[in-house]
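The residues making up each chain are set out below.
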Amino acid sequence: MKMNSVIAWFCLSVSFAVPLRANEVLDAREITMPPSGAQVMVRENSKTGKPYVVITDSQNPRTDLASLDSNKYRRPDYRMLEKNVTAKDVGYDGPYSSKKKIYILAATLATAGATAAVVGPALFPAAAATGAAGGSVAVPAAAAAVGGSALAVAAKKYQDHFQNLPDDYSRESESKIIETETDFYKMFVEKKTNKPFQS
Amino acid sequence: MNHRQQAERSFFYPLCFLPFVLCSCVAIYGWNIHAPGLLSDEFARDIPQVSKRVALYIPEGQKEFISKDKGTRWSDPQTYYIGEAFVPMLIESFQSGFTEFVLLEALPNPEIMSQYAIDAVVVSEIKDFKNRKTLPAQGLDVYTETAVFNRDLKLIRRFETRGTSEAKGTFAKKGGLEVNLNAAIEGSLRETVLQVQDALK
């Protein structure tokens, strides 16, 4: 029903651009579009189920946006970013990274009789606790000898900012207008080498 | 078994695993952060809907934008799949911000704009991503650049946005990294939609 209504409003609104003979009423499906090579369709947002209109080029259809991730999660609740609030408290059911695979690798190597540096989970629960806070799972001896001082330098660099971070989270946003005179072709058609930056 | 055989065996197994580990270091040892890719309830509550017909054109490659910025030299490898969440959230933000939203997958031209009576076309893309990480906290910054064009594809407004989310203990909690990334993306989209609405007044 929703898709039909979306198609109907769009076709009816476009029909005002098409000259009509007096006393003629056209059904939405009978409107003939001037040939521009574009094709109108309705697609459903795979995450929300809300439909939207798509104008696509039938000669060069784009496929990258059609294959949206169809996992349906609950909307994120940013209270989860507070210090003592867990995913369970807010009913978070979205994706998450797991450190389990790191421990599986360590256990595999340990079982194979390796004398390499990675050790199993039973041997560094304390390091796991610090790792949970700092995101570092490393060779205990190496970390103590080398990583300790580097971590201290990195931590001091942002100390002034993060030491005052409240236990609840901080979110901010800003925008800045760029003064320039250009048009779509100069920005996106002529300069095809201007690819998005990837860090 | 003599000592030499014991020594050979102790080095054999690590060498077997070493190429595998080196080739897929991040997959085996590291963090792959995939945000939910959905706006929170706050967005629809805070951003009013404007009665305009607006088209959105998303340049090629946006969905594949990733970052391996791990914040500090000694951190675990991290891969942030920013584009994967940005694209659906961008579409959803425009669906929420405008009563008549059209996704333009064809390259915009004045004929399409006049045929479908589209007031403006917006082009938005990710420009940068920063991971500011310390032991207790993490701050993520998502930078985008957006341009708004009229029916003749002349520039109305061009602007940059930054969305930032900072929180403590994101690595410690399930979904913390993912929600932090989602919040940063949503922040940049909030500014994007507000700027576009202001440009089309």
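Keep in mind that this is a model prediction, so the values were computed, not measured.

**Here we look at the confidence of the model for chain A**
All names here are of chain A. Chain-level pLDDT for chain A is 63 on average; 37% of the residues reach the 70-or-more range. Confidence drops under pLDDT 50 across residues 115-160; counting only partners more than four residues distant or on other chains, this segment forms 43 contacts. Predicted confidence for residues 193-199 stays below pLDDT 50, and this span has 17 contacts to residues more than four positions away or in other chains.

**Section: the pairing of strand 6 (residues 137-149) of chain B**
Residue and element names in this part refer to chain B. Buried residues dominate strand 6, accounting for 12 of its 13 residues. Across 12 bridges, strand 5 (residues 120-133) lies against strand 6 in antiparallel orientation. Bridge pairing in strand 6 links Glu125 to Glu145. In this antiparallel pair of consecutive strands, strand 5 and strand 6, the connection spans three residues. As judged from the 13 bridges shared by strand 6 and strand 7 (residues 155-168), these two strands associate in the antiparallel manner. Each bridged residue has a counterpart across the sheet, and for Leu140 the counterpart in strand 7 is Ser165. Here strand 6 folds back onto strand 7 in antiparallel fashion, the turn holding five residues, of which Leu153 has a positive phi close to 60°.

**Structural notes on the packing of aromatic side chains**
In the structure shown here, the tally under the stated rule is 10 aromatic pairs over all chains. Between the aromatic rings of B:Trp31 and B:Phe171, the centroid separation amounts to 5.2 Å while the plane-to-plane angle is 90°, which identifies the pairing as edge-to-face. Taken together, the residues span a long stretch of sequence, with B:Trp31 in strand 1 (residues 31-33) and B:Phe171 in the loop between strand 7 and helix 6 (176-199) at a distance of 140 residues. Per residue, the accessibility class of B:Trp31 equals that of B:Phe171, and both read buried. Geometrically, the ring pair formed by B:Phe94 and B:Phe101 is tilted, given 6.2 Å between the ring centres and 40° between the ring planes. Taken together, A:Phe184, A:Tyr185, A:Phe188, B:Tyr57 and B:Phe149 form an aromatic cluster joined through their ring pairs. Its guanidinium or amino end placed over the ring of B:Phe171, B:Lys133 lies 5.0 Å from that ring's centre, counting from NZ or CZ. The ring of A:Tyr96 has B:Lys174 sitting right over it, with the charged end atom 4.6 Å from the ring centre.

**Description of the pattern of salt bridges**
Note on pairing: side chains with opposite charge can pair once their charged atoms come close. Residues and elements named next belong to chain B. For the coordinates displayed, the defined rule picks out 20 salt bridges over all chains. Glu145 is paired through a salt bridge with Arg158; the nearest N and O atoms lie 2.9 Å apart. Note that Glu145 is positioned in strand 6 and Arg158 in strand 7, a separation of 13 residues in sequence. Overall, Arg158 belongs to the buried group, its relative accessible area being 19%. Measuring nitrogen to oxygen at the nearest pair gives 2.8 Å for the salt bridge that ties Asp198 to Arg157. Residue Asp198 is found in helix 6, and its partner Arg157 is found in strand 7; the two are separated by 41 residues along the sequence.

Criteria and cut-off values
- Throughout, residues of each chain are indexed from 1 in the direction in which the sequence is written.
- Numbering of ligands from 1 and lettering of chains from A proceed in the order in which they are written.
- Side-chain atom pairs in this predicted model are given and counted only at pLDDT of 80 or more, local residue features only at pLDDT of at least 70, and totals for whole chains, interfaces and linings cover all residues.
- Remark: hydrogens and water are excluded; side-chain values derive from all non-hydrogen atoms of the structure.
- Note: pLDDT gives the predictor's confidence per residue, expressed from 0 to 100.
- Contact criterion: two residues are considered in contact whenever any of their non-hydrogen atoms come within 4.5 Å of each other.
- Classification of residues uses two cut-offs on accessible area relative to the type maximum, computed with a 1.4 Å probe and protein chains only: under 20% is buried, over 50% is exposed, and between them is partly exposed.
- Labels follow the DSSP assignment, with helices taken as runs of H or I lasting at least four residues and strands as runs of E lasting at least two, numbered in each case from the N terminus.
- For two strands to be treated as a pair, DSSP must find at least two bridges joining them.
- Classification of ring pairs rests on two measures: the distance between centres of Phe, Tyr or Trp rings, Trp counted by its six-membered ring, which must be within 6.5 Å, and the angle between planes, read as stacked under 30 degrees, edge-to-face over 60 and tilted in between.
- Geometrically, a lysine NZ or arginine CZ counts as sitting over a ring once it is within 6 Å of the ring centre and also within 35 degrees of the ring normal.
- A pair is scored as a salt bridge if a Lys or Arg side-chain nitrogen falls within 4 Å of a carboxyl oxygen belonging to Asp or Glu.

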